[in-house]
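A closer look at the structure
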Amino acid sequence: MSLDTFRQETREWLAKNCPPEMRKPSRGEPDICWGGRNWEFQSNDQKLWLERMASRGWTVPMWPKEYGGGGLSREEEKILREEMRAINARSPLESFGIWMLGPALLQFGSETQKKEYLPKIARGEIRWCQGYSEPGAGSDLASLQTKAEDKGDHFLVNGQKIWTSYADKADWIFCLVRTDPSAPKHKGISFVLFDMTTKGVTTKPILLISGKSPFCETFFDNVKVPKENLVGTLNDGWTIAKYLLTHERASIGSGLSLAGMRSLPAEAVKSFGRDASGRLDNPFVREEVIRAEIDGRALLATIERYKAEAKAGQGVGAKSAILKYAGTELNKRRYEAFMTIGGSDALEWESARSDEGTLAREWLRTKANSIEGGTSEIMLGIVAKRILNLPEA
Amino acid sequence: MIALDEDRIMLRDSAREFLTDKSPVSELRRLRDSKDKDGFSRDLWRGMKDLGWTGILVDEANGGSDFGHVGMALVCEEMGRTLAASPFLSTAVMAATALGRGGSEDQKKKWLPAISEARAIIALAVDEGRKHAPEKTALKAEMAGNAFKLSGEKSFVVDGHVADAIIVAARTEGEPGDKNGISLFLVDAKAPGVSIERVIGVDSRNNARIKFENVNAVDALGETGKGFGLLENALNAGRAGIAAEMLGVAGESFDRTVAYLKERKQFGKFIGEFQALQHRAAHIFGEIELLRSLVLAACVTLDKSPDAAGQAVSAAKYKACEVGKLAVSEAVQMFGGMGMTDEVDIGLFMKRARVTQEFLGDAYFHADRYALAQKF
């Protein structure tokens with residue numbers, strides 16, 4: 001099929017199948033469809049939209065068809081995104097399964113695992129969470145201590161995770177565990193999957209400065225995990241962890257730059273108005289805003305360039321650390337600007353007109369951007385060591 | 001967005017090879033210390049011709065190699081890496097664009113092959129005051145009899161002292177500040193009434209202050225009174241070229257800094273082991289990556305739709321000013337006392353970066369222009 005035909009057919013299909021409610025601007029978090037066994041759809045349109053998109057494999061457009069994907073090429077996927085944007089269609093499904101576990105399984109999973117897990121991710125039937133950080137293993141992730149002992153037909157998992165996003169709402173977890181305590185720290189880690197309803201798993205939400213609790217502490221007390229739930233090779237889980245972190249960093253960087261974002265120039269005009277020449281009537285704010293706009297453009301161009309280079313077989317590798325670093329630092333800058341531009345309106349926390357402090361809560365949330373998935377300092381360290389080859393201290 | 005294809009990678013590699021061989025930084029020192037009368041090497045310029053660079057933006061019918069703006073930027077970047085002095089930007093980029101886009105058939109036939117064959121050097125005279133502000137052009141072109149007469153002064157005319165001809169932005173109507181009423185004229189550098197004063201800059205490169213006293217201007221380039229768009233075409237190509245050169249200046253001074261961090265020892269360690277320096281170096285690397293994308297994006301836009309490239313070009317030049325300043329300042333700081341010496345090259349990169357920041361609009365100019373392009 002030619003790309004033009006594909007675009008035409010996609011446009012027609014979307015026009016017919018995207019329900020009206022799903023074309024309203026997303027308010028972000030409250031309008032996201034995460035899916036899962038216990039998911040309560042916010043509307044019938046949200047449910048319809050997920051079902052229709054999943055039936056075409058378009059919740060994960062580029063995954064192979066046999067695993068529930070759409071089997072689209074990069075160009076076709078781009079067209080799909082453009083056509084969805086053209087009618088303001090919301091994303092039918094977001095999940096850690098799509099962003100992280102799926103790509104890892106496609107790369108490292110057995111055929112059985114791919115067939116078992118991927119279609120359920122694509123259809124939004126299972127909601128996943130990620131068990132990485134521990135109280136004593138944050139930036140130094142590889143020092144994690146949650147242990148999984150070999151008990152013949154199963155692993156016995158004991159320990160604690162922290163910052164587990166939506167653990168209290170997730171159905172399953174992909175988790176890093178120590179399977180060889182005597183090996184050097186990177187060499188004794190394995191990557192396992194298990195059901196969050198397994199006996200011995202408990203979660204406890206953590207109240208954040210934003211007033212929300214997207215993260216949990218997660219405890220494992222003699223949790224039995226079947227051996228077949230090991231992904232990849234025993235004790236080689238760090239390879240998968242690194243792959244996933246690279247993926248996560250790239251997607252945090254790109255996600256921030258692409259999300260249905262508030263417009264800084266528009267907000268600034270609301271607060272300050274324009275002068276006779278049409279310029280914002282505050283040159284200091286204007287410069288701050290334009291710096292952020294140009295840096296946003298630079299970030300997008302870099303994401304696109306890396307994609308093009310990866311496709312042309314020119315390695316990108318550790319450079320994804322730059323996207324994570326630049327994207328998150330920029331997002332924090334942008335939100336500081338939104339707060340100052342918004343003035344006293346931006347400070348409202350519990351009020352109807354601020355929609356219960358949406359902006360202030362988003363602002364506080366951005367502070368985590370440069371911590372989660374590897375801090376800015378870790379990113380700079382990666383660039384210094386892996387790209388610049390600066391000597392280890 | 002694109003990745004460089006094989007042809008372009010070859011162009012970049014051959015540019016790097018040619019310039020490191022024929023025009024290393026020591027060549028700029030030679031030109032400076034020998035007080036060379038041209039400020040660049042004519043042999044080098046002919047060598048650039050042999051590689052097809054002089055005609056890089058000229059169509060094949062007029063003897064050019066027509067590599068486009070992406071190719072142009074690759075060459076400029078490599079020139080930035082070795083601080084190579086040549087009339088490339090004035091002649092092969094800006095004059096070639098003005099003539100190619102706005103020239104009559106006769107003008108094209110006369111000048112474009114001459115540019116491609118390195119027979120002519122053409123400077124673009126725009127700035128009049130301290131700051132780049134093309135729409136504020138005040139130099140008067142008044143009709144006397146059947147010809148315009150030019151009166152006024154131009155400054156910061158790069159390669160003006162060696163130019164065979166000058167493209168002059170003049171005002172035929174309206175007031176300084178109006179985009180309407182600006183006209184471009186081709187003037188012989190030796191015409192009566194033209195006096196050219198060579199100015200050697202902080203970067204040991206050359207520009208000129210040029211006085212026009214009742215200079216006959218019979219050779220209009222494009223439609224008189226409506227020259228601003230054409231001028232912008234030429235300037236945008238030049239701005240993208242200078243941004244690419246700045247990418248090279250920043251990239252090379254950064255690479256040299258990273259090499260220094262791996263060889264300089266203090267407190268019994270390589271200074272590159274200190275996290276305080278590692279993180280700053282990594283930050284600069286990231287900034288250079290972002291700049292590279294904006295330069296490439298601007299050139300892709302110039303190749304596709306040159307009349308709609310203003311905003312993309314301003315983004316690139318803005319970022320080039322910021323990243324250029326950061327990279328060379330940090331380079332001097334990390335080289336420590338050695339960075340302050342004339343013996344070490346790093347100071348030369350800082351000097352060049354300063355001039356390129358100013359040339360064709362500084363960061364503030366381009367931030368403002370970027371904002372105006374989105375009505376902000």
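Residue positions are given per chain, counted from 1 along the sequence in the order it is written. For this description, chains carry letters from A and ligands carry numbers from 1, given in the order in which they are written. Reporting of local features is limited, given that this is a predicted model, to residues whose pLDDT is at least 70; pairs of side-chain atoms are given and counted only at 80 or more, and all residues count toward the totals for whole chains, interfaces and linings.

With respect to the overall build of chain B
Looking only at helices and strands, chain B features 11 helices and 10 strands. In summary, chain B has a C-alpha radius of gyration of 21 Å against a globular reference of 21 Å for 376 residues, a match within 12%. The principal-axis extents of the C-alpha atoms in chain B amount to approximately 80 × 50 × 40 Å. Neighbour counting defines burial: a residue surrounded by 20 or more other C-beta atoms within 10 Å of its own C-beta is buried, one with 12 or fewer is exposed, and intermediate counts give partly exposed, using backbone-placed C-beta atoms. With 376 residues in all, chain B has 55% of them scored as buried. Across chain B, every contact between residues at least 6 apart in sequence was considered, and the portion connecting residues at least 24 apart equals 75%. Numbered from the N terminus, helices here are DSSP runs of H or I no shorter than four residues, and strands are runs of E no shorter than two. Throughout, the radius of gyration refers to the C-alpha atoms, and the reference size of a globule is 2.2 Å times the residue count to the power 0.38. This entry defines residue contacts through backbone-placed C-beta atoms, with two residues in contact when those atoms are within 7 Å.

Some words on the overall build of chain A
When its secondary structure is counted, chain A shows 11 helices and 8 strands. In terms of overall dimensions, chain A has a C-alpha envelope of 80 × 55 × 45 Å along the principal axes. In chain A, which comprises 393 residues, the share counted as buried stands at 40%. Restricting to contacts in chain A with at least 6 residues of sequence separation, those with at least 24 account for 71%.

With respect to the packing of helix 9 (residues 320-342) of chain A against helix 10 (residues 358-366) of chain A
Residues and elements named next belong to chain A. Each axis is a line fitted through C-alpha atoms, and for a helix only the stretch in contact is used; angles between axes span 0 to 180 degrees, taken between their N-to-C directions. Interaxial distance between helix 9 and helix 10 falls to 9 Å at its minimum, and their mutual angle equals 150°. Taken together, the axis directions place helix 9 and helix 10 in an arrangement best described as roughly antiparallel. Helix-helix and strand crossings are classified by hand; for helix 9 and helix 10 the assignment is left-handed. Of the residues in helix 10, those touching helix 9 at Asn331, Lys332, Tyr335, Phe338, Met339 and Gly342 are Leu359, Glu362, Trp363 and Thr366. The residue makeup of the contact of helix 9 with helix 10, split by class, is 5 nonpolar, 3 polar and 2 charged. Any angle from 65 to 115 degrees is called roughly perpendicular, while one under 35 is roughly parallel, one over 145 is roughly antiparallel, and all others are oblique. Note on convention: near helix rotated counterclockwise from far helix by under a right angle means a left-handed crossing. Clockwise means right-handed. Gly is put with the polar residues, along with every residue not named as nonpolar or charged; the nonpolar set is Ala, Val, Leu, Ile, Met, Phe, Trp, Tyr, Cys and Pro, and the charged set is Asp, Glu, Lys and Arg.

What about helix 11 (residues 363-373) of chain B?
Of the residues making up helix 11 of chain B, those classed as buried are Ala363(B), Phe365(B), His366(B), Ala367(B), Tyr370(B) and Ala371(B). Buried-residue contacts for helix 11 of chain B involve helix 8 (283-311) of chain A together with helix 9 (310-335) of chain B. Looking at the residues trailing helix 11 of chain B, positive phi occurs at Lys375(B), about 55°.

A closer look at the interface of chain A and chain B
Between chain A and chain B, the residue contacts involve 35 residues of the former and 32 residues of the latter. When contributions to the side of chain A that touches chain B are tallied by element, the ones reaching two or more residues are helix 8, helix 9 and helix 11 (376-387) of chain A. Tallying contributions element by element places helix 8 of chain A first for the side of chain A that touches chain B, with 14 residues. Considering only residue class, the side of chain A that touches chain B consists of 20 nonpolar, 4 polar and 11 charged.

Topic: the nonpolar core
Nonpolar cores are built from buried Ala, Val, Leu, Ile, Met, Phe, Trp, Tyr and Cys residues. These are joined into a set through C-beta atoms within 7 Å. Ranked by internal contacts, the top residues of the largest apolar core, which has 162 residues, are Ile167(B), Val168(B), Phe185(B), Ala240(B), Val295(B) and Ala298(B). Looking at this core element by element, the count peaks at 18 residues for helix 7 (residues 228-261) of chain B. When residues no more than four places from it in sequence are discounted, the contact partners of Phe185(B) are Ala141(B), Phe148(B), Leu150(B), Val168(B), Ala170(B), Ala217(B), Asp219(B), Ala220(B) and Leu221(B). Among the nonpolar cores identified, the runner-up in size contains 63 residues, and Cys33(A), Ile98(A), Leu193(A) and Cys216(A) belong to it.

Thoughts on the environment of Gly317(A)
The residue Gly317(A) is located in the loop between helix 8 and helix 9 in this model. Sequence-wise, Gly317(A) and Leu300(A) are 17 residues apart; in three dimensions their C-alpha atoms are separated by 18 Å.

Here we look at unusual backbone geometry
Positive phi, normally seen in glycine, also occurs at Tyr166(A), with a value near 55°. Judged by C-beta crowding, with 20 C-beta atoms within 10 Å, Tyr166(A) ranks as buried. Of note in the backbone geometry, Ser204(B) takes a positive phi value of approximately 65° without being a glycine. Following the sequence through the fold, Ser204(B) ends up in the loop between strand 6 (194-200) and strand 7 (206-217). In this structure Ser204(B) comes out as partly exposed when scored by C-beta crowding, with 19 C-beta atoms within 10 Å.

Observations concerning the domain arrangement of chain A
Residues and elements named next belong to chain A. Domain segmentation is taken from an automatic or database assignment of domains. Taken domain by domain, chain A consists of domain 1 (3-101), domain 2 (128-235) and domain 3 (239-387). Each of domain 1 and domain 2 has a C-alpha centre, and these two points are 30 Å apart. Within the side of domain 1 that touches domain 2, the residues separate by chemical class into 3 nonpolar, 3 polar and 1 charged.

Things to note about the domain arrangement of chain B
By a widespread convention, an interface's size corresponds to the accessible area lost as its parts come together. Residues and elements named next belong to chain B. Under the domain assignment, chain B is made up of domain 1 (6-121), domain 2 (123-226) and domain 3 (229-373). When each unit is reduced to the centre of its C-alpha atoms, the spacing between domain 1 and domain 3 is 21 Å. Taken together, the contacts link 22 residues of domain 1 with 26 residues of domain 3. Among the secondary structure elements, those contributing two or more residues to the side of domain 1 that touches domain 3 are helix 2 (25-33), helix 4 (68-82) and helix 5 (88-102). Of the residues in the side of domain 1 that touches domain 3, the class split is 13 nonpolar, 5 polar and 4 charged.

Quick word on the pairing of strand 1 (residues 122-125) of chain B
All names here are of chain B. Covered by surrounding structure in strand 1 are Ile122 and Leu124 together with Ala123 and Ala125, the residues of both alternating faces. Examined bridge by bridge, strand 1 and strand 4 (residues 165-171) share 4 bridges and lie parallel to one another. Bridge pairing in strand 4 places Ala123 opposite Ile166. Pairs of strands are assigned from DSSP output, requiring at least two bridges between the strands.

Here's the deal with the packing of helix 7 (residues 264-272) of chain A against helix 8 of chain A
Each pair of packed helices gets described by two things: the angle between the helix axes and the distance between those axes. Residues and elements named next belong to chain A. Two elements in contact, helix 7 and helix 8, have axes separated by 10 Å at closest approach and are oriented at 170°. Judged on the interaxial angle alone, helix 8 and helix 7 are roughly antiparallel. Contacts from Leu264, Pro265, Ala268 and Phe272 in helix 7 reach Val285, Val289, Ala292 and Glu293 in helix 8.

Overview of the environment of Gly28(A)
All names here are of chain A. The topology assignment puts Gly28 in the loop between helix 1 (3-17) and helix 2 (44-55). With 15 C-beta atoms packed within 10 Å, Gly28 lands in the partly exposed category. Sequence separation between Gly28 and Leu176 is 148 residues; the distance between their C-alpha atoms is 30 Å.

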